[in-house]
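# Geometric and topological summary
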Amino acid sequence: MTISRIESVVYGVEDVAAGIRYFEDWGLQCLERGDRGADFATPAGQAVLVRSSGDAALPAAPEGGSTVREVVWGVDGGDTLEQIGAELSRDRDVKPGADGALHARDESGFAIGFRGVAPARQASSAVADATRMNKPFDPERRARPARIGHIVFAVRKKDFEKASAFYLERLKFRLSDRVPGLGDFMRCPGTNDHHTLFFHTRADRAAFDHLAFEVHGIDEIILGGKFMKGRGWVADTPVGRHILGSNLFWYFRNPCGGRTEYFADMDLMDDDWKPRVWDQHPGFAMWMLEKADAPEFALG
């Protein structure tokens, strides 16, 4: 079975209007807006759905308040959907949806789904630089995220091993880096990104942490973040470069729950990569710019 990427993320939000405004400012295309909320899309065809937290159709989350309610993973066709359905049905409910997706829950209680994705959209290569021929750089340029790259959750320490094993063993994710006492950086089998999923245990609870969007390099990270701050949104870190994954980053607090991250230039791994198991956490970042608006940092 091949899971290739994050296909869609569904938020349940207490202040739907603020959530819609946030993702519009973040640079996503709004495809539809109505009584239920709004649907956003990346150029890669992935979706971010903003819904009211009171919507009875949404799956429950381990924690209350505004948060992610479901992550749907894209897979390489009907055979893979059947394989995943058969595998997960051995010990949990798997329900088909009207949209053709399969819906279940992982070991930490997070709602997950699986849906087929067109082969042309499975690739996860880094964003390519646009040509600069006769195109002076626009100092007012905004960030326009190209795709959703990864998602991060906190899990309970007592549940960590089975939470990670569920993805590594049953869904065939691949381990990139492991920091005992902190967490596992994993990539789904259809991508070369250092991680598409990260579980950490520092918070010792089951909760959504952040969703990361790839943009076109450091300029777009900084100009996008500058625009967000100008619109009144609060940065959660300075601009920096991570150690694990090596990606450039800037995190912002999201009224839909958790944080969002602009990122670029992440490490790429293939089958020759040997997972690293660290004796101690190598650190959050190689470097960061000026002090953040708030001292609390995201984790990866």
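Attention in this report is confined to the structure presented alongside it. (Residues numbered from 1 in each chain as written. Predicted model: local features only at pLDDT ≥ 70, side-chain atom pairs only at ≥ 80, totals over all residues. Heavy atoms only, no water.)

### Description of the overall build of the protein
Regarding its fold elements, the protein presents four helices and 18 strands. For a compact globule of 300 residues, the expected C-alpha radius of gyration is about 19 Å, and the protein comes in at 18 Å, within 12% of that figure. Projected onto the principal axes, the alpha-carbon positions of the protein cover approximately 55 × 50 × 40 Å. In the protein, once contacts between residues fewer than 6 apart in sequence are set aside, the share between residues at least 24 apart is 69%. (Helix = DSSP H or I, 4+ residues; strand = E, 2+ residues; numbered from the N terminus. Rg over C-alpha atoms; globule rule 2.2 N^0.38 Å. Contact = heavy atoms within 4.5 Å.)

### Some details on the sheet that holds strand β2 (residues 29–34)
Pairing is mixed in the open sheet, where eight strands are placed in the order β2-β3-β4-β1-β5-β8-β7-β6. Across the chains shown, the open sheet's two edge strands, defined by having one partner strand only, are β2 and β6 (95–96). Where strand β7 (residues 102–105) meets strand β8 (residues 111–116), four bridges bridge the pair, whose relative direction is antiparallel. Counterpart to Leu 102 in the pairing with β8 is Phe 114. (Pairing = 2+ DSSP bridges.)

### Considerations on the pairing of strand β13 (residues 207–214)
With eight of eight residues buried, β13 lies mostly within the body of the structure. With five bridges joining them, β13 and strand β16 (residues 259–264) adopt parallel strand pairing. Its bridge partner lying in β16, Phe 213 is registered against Tyr 262. (Buried < 20%, exposed > 50% of the residue type's maximum accessible area, 1.4 Å probe, protein only.)

### Some details on helix α4 (residues 217–230)
Because an α-helix packs 3.6 residues into every turn, residues spaced three or four apart end up facing the same way. End to end, α4 covers 20 Å across 14 residues, agreeing with the expected 20 Å (1.5 Å per residue, within 8%). Against the buried residues of α4 lie α1 (16–26), β15 (248–253) and β16. In the stretch just after α4, Gly 232 is the one whose phi turns positive, near 100°. (Expected span 1.5 Å × (residues − 1).)

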